[in-house]
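Each chain is listed here by its residues.
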Amino acid sequence: MQGNNKALQSFLIESEENLAQLEQDIVALEREPEDHERIDSAFRAVHTIKGTCGFFGFCHLEALGHAIEDVLGAMRDGKLHMTRDRATILLEGVDFCRALLTLINNDGNDGEHTPEELIQRLREQLEHAEEAPAEAEPEPVASATAEPDAPAPATDQTETGADQGDSPPEKPADASASEQSPRESTVRVDVVLLDKLMNVVGELVLTRNQLLQHTTNQNDAQLVNLSQRLNLVTSELQEGLMQTRMQPIRNAWSTYPRLLLELEKKTGKRVNPILKGGDTELDRSLLEAIRDPLIHLVRNAVDHGLESPQARQAAGKPEAGTLTLSAYHESGNVIVEVSDDGAGLDSDKILRRAIEAGLLRPEQAEQLSERQRINFIFEPGFSTASQVSDLSGRGVGLDVVRTNIEKIGGSIDIKSKRGVGTTIKLKIPLTLAIVPALIVRCMHQRFAIPQVNLMEVVYLEADKQEAEIQTVHDALVYRLRGRLLPLIDMRTILEMGERETQKDQFILVLSADQQEFGLLVDDVRDTEEIVVKPLGKLLKDTPCFAGATIMGDGRVALILDVKSLADYAGVTRQERRLRHADTLPNTAEDNTIRVAENYLLIKPNSGEGRSAIALSKVSRLEEISADRIEYSGGREVVQYRGGILPLIRLNPATDNEEDNEVIKIVVQPTEHGEVGIVVNDILDIVADQNTQISQNASQDGLLGAGIVLGRVTDFIDCDTLVRKALNTNPSAQSEDGNER
């Protein structure tokens, strides 16, 4: 009985594989009906299923397989040609075969009734068969082996005797027993067993790490040699086992041609699929995790991205759109791209929908880059579809894609060009079980940081901390090659103590949610392959940690979840706050508005007044020597980062720099390039101030005045200020009185 169960399981697995091949062949033949190799492949697949059914006595599945085989046989003989309708009927047969296999797996039989209606529809296709030419008669071997009652071994069923057409002939029966077929050279292993083996290898890796740590300070040469040998063997075993878990990404793509065929029917569009890099491998668990997100992306590309045939013709494009799925390895990750040559994303339409959905205010729209506008499509519930259908418009899709990809430690990016197309790029780790990590120390604790999030490591000497790390209202920033990098002190965020300022430290430049930030740690130890262990009950709800690992000395190190750490610290929330800022209605008075924004609080001049600049308008804060100011076109400028930076003064009439050696500049990006706003001092960063502004400003360049932290504050209208400054050409006098 046990042997029969194993034979049945082998039959079910092989039949599923043959059905998958049959499905792919049918879809391909709908596009290229004269592909004889595909016809032969499809015929062999269904013939194998049908023949094995006779051995087990699954008469209903056998009868359906026979009907499908007859249609494919007529196509192979040139009597019948593949059309879309015939492809649809054949695919219905494939689906029914799958349903019967599920029934066999659950109940041990293929039901009580034969699908007569479907079989009849298949047989009706033969009525349209053309008269076969004399030389196209079926070979005697084919007719003999096509008998449904021919017995066949369940576990070693091969295609010998199947009609081959132009395919290579089968090996003779007396071929050398030492020559194995591809099926005989492979074995099937239960994934549960693989997972158990992976856990055992993980423990072996931990033991190896502990032994290597122990032998570091040992003088026993033989012990050192044995530990090195164990290290080598363990690495080879780990690599070999990892290979058994790796699967080509084509396994996740196998159903897409059929999916595209169904989407074509529903949308009336024509799609030319291109699959590249199908041999790219990644861990089985990750392959399953990205299967549904990829289906979302494919559906979205066809429904939203590709135009109708008429629209494509009007735009000078081929009627059939091109959808490209490509995969490749890059820097220890797998990159999967879904590209279409459709209309591209309409950022203006996306922005309008974002405003309608309350994701931002109209006045905030102007300060968003093209990339920031496009990224709204990843927001929960966001949709630009004008009508709700079974394909789109329900507000569920791309936000789910991003969530699922980030859950497995991946990231998603999008690029689009109007009229050219859109590319969505997924960055996925190779595996989640054993990952390379950087080991760091904070006080007496060690932490592991996945290298996939690590961009670079910066060594920071103690005597340079004060100059290179700035504190603005408890927010740390670090000047990294001329730009301000948000900084998280690990001691502070984990409540381990005060920041260390007397010793050299390290800044880890990390990437999370498409934004870089720095993590300040006490020491960097080494890189190491770590085995990810789940957190215990006491720590599983802690937002900053993704798991734990055991180090070489037996101590436990927590694995940081970089994205969650960044969110917890608030360094990646600025853009989200901007998107989700409270859209409070105006009061009854037309000259009053409310704002919810992060602001940079400044002193515009040497007086007592204070002003606020929207932090989203600020790219950098700079201090320059006053003698670096020059003039160009009658305007103050400085040489800055290889270019010329125009300067704008908030109140030129009262500024006096004769006694000032250093001036402070707020650098702001504009559509014309960067400009520098000269301020007297930078006071603070005020977060999420829901402030009421009175719009009674008498001076251009001001939105109005409001109360911030108990003080009257002018809110600067940066766009108007910059526009006015760049459109005017005030004269400037040189030291000798001549105009420059």
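Note that the structure is a prediction, hence the values are computed from the model and not measured.

Per the secondary structure count, the protein includes 21 helices and 29 strands. Within the span of the protein, comprising 740 residues, buried residues form 43% of the whole. Sequence-distant contacts, at least 24 apart, represent 67% of the contacts inside the protein between residues at least 6 apart.

Per-chain confidence: the protein averages 75 in pLDDT, with 77% of residues scoring 70 or above. Element-level pLDDT for the protein is lowest in helix H6 (residues 140-145), with a mean of 33, against a maximum mean of 91 in helix H12 (residues 309-314). For residues 573-596, every residue scores under 50 in pLDDT, and the model assigns this stretch 67 contacts once sequence neighbours within four places are set aside. Taken as a whole, residues 728-740 scores under 50 in pLDDT and shows 17 contacts with residues more than four places along the chain or in a different chain.

A few words now on the sheet that holds strand S7 (residues 421-429). Pairing is mixed across the open sheet formed by five strands, whose spatial order is S2-S4-S5-S7-S6. The open sheet has two edge strands, strand S2 (270-276) and strand S6 (411-417), and neither has a second partner. Averaged over all neighbouring strand pairs, the angle between strand axes comes to 15°, with direction disregarded. Relative to the sheet, helix H10 (residues 256-267) contacts S2 and strand S4 (320-330), its axis offset from that of S2 by approximately 165°.

Our next topic: the packing of helix H2 (residues 36-56) against helix H3 (residues 59-76). The contact between H2 and H3 brings their axes to 9 Å, and the two run at 155°. When the axes of H2 and H3 are compared, the pair comes out roughly antiparallel. Two packed elements cross with a definite hand, and for H2 against H3 that hand is left-handed. Contact residues: Ile 39, Asp 40, Ala 42, Phe 43, Val 46, His 47, Ile 49, Lys 50, Cys 53 and Gly 54 in H2; Leu 61, Glu 62, Gly 65, His 66, Ile 68, Glu 69, Leu 72, Gly 73, Met 75 and Arg 76 in H3. Looking at the contact of H2 with H3, its residues break down into ten nonpolar, five polar and five charged.

This part is about the environment of Ile 663. Its location among the elements puts Ile 663 in strand S25 (residues 662-670). In this structure, the C-alpha to C-alpha distance between Ile 663 and Asp 681, residues 18 residues apart in sequence, is 8.6 Å.

Strand order in the open sheet made by the five strands is S16-S8-S9-S18-S17, with mixed pairing throughout. Of all the strands in the sheet, just strand S16 (523-531) and strand S17 (545-550) have a single pairing partner and so form its edges. Recorded for the sheet is a direction-independent mean angle of 35° between the axes of neighbouring strands. Note: strand S8 (residues 434-442) against strand S9 (residues 445-450), six bridges, orientation antiparallel.

The phi torsion at Met 443 lies on the positive side, around 55°, for a residue other than glycine. By the element assignment, Met 443 lies in the loop between S8 and S9. A positive phi angle is found at Glu 495, which is not glycine, with a value near 55°. Following the sequence through the fold, Glu 495 ends up in the loop between helix H18 (490-493) and strand S14 (505-512).

Interaxial distance between helix H11 (residues 284-305) and helix H16 (residues 398-407) falls to 9 Å at its minimum, and their mutual angle equals 150°. Regarding the angle of H11 to H16, the classification is roughly antiparallel. Considering only the axes of H11 and H16, their crossing is left-handed. In this structure, H11 uses Ile 290, Pro 293, His 296, Leu 297 and Asn 300 to contact H16, whose residues at the interface are Leu 398, Val 400, Val 401, Asn 404 and Ile 405. Across the contact of H11 with H16, the residue classes break down as seven nonpolar, three polar and no charged.

Before going further, it helps to examine H10. The first and last C-alpha atoms of H10 sit 16 Å apart over twelve residues, in line with the 16 Å expected at 1.5 Å per residue. The complete set of buried residues in H10 reads Tyr 256, Pro 257, Arg 258, Leu 259, Leu 260, Leu 261, Leu 263 and Glu 264. Once H10 finishes, Gly 268 follows within two positions and takes phi at roughly 75°, a positive value.

Reading the values: rules and limits
- Residues numbered from 1 in each chain as written.
- Predicted model: local features only at pLDDT ≥ 70, side-chain atom pairs only at ≥ 80, totals over all residues.
- Heavy atoms only, no water.
- Helix = DSSP H or I, 4+ residues; strand = E, 2+ residues; numbered from the N terminus.
- Buried < 20%, exposed > 50% of the residue type's maximum accessible area, 1.4 Å probe, protein only.
- Contact = heavy atoms within 4.5 Å.
- pLDDT = per-residue confidence, 0-100.
- Pairing = 2+ DSSP bridges.
- Axes fitted to C-alpha atoms, helices over the stretch in contact; angles between N-to-C directions.
- Parallel < 35°, antiparallel > 145°, perpendicular 65-115°, else oblique.
- Left-handed = near helix turned anticlockwise from the far one by under 90°.
- Nonpolar A, V, L, I, M, F, W, Y, C, P; charged D, E, K, R; others polar.
- Expected span 1.5 Å × (residues − 1).

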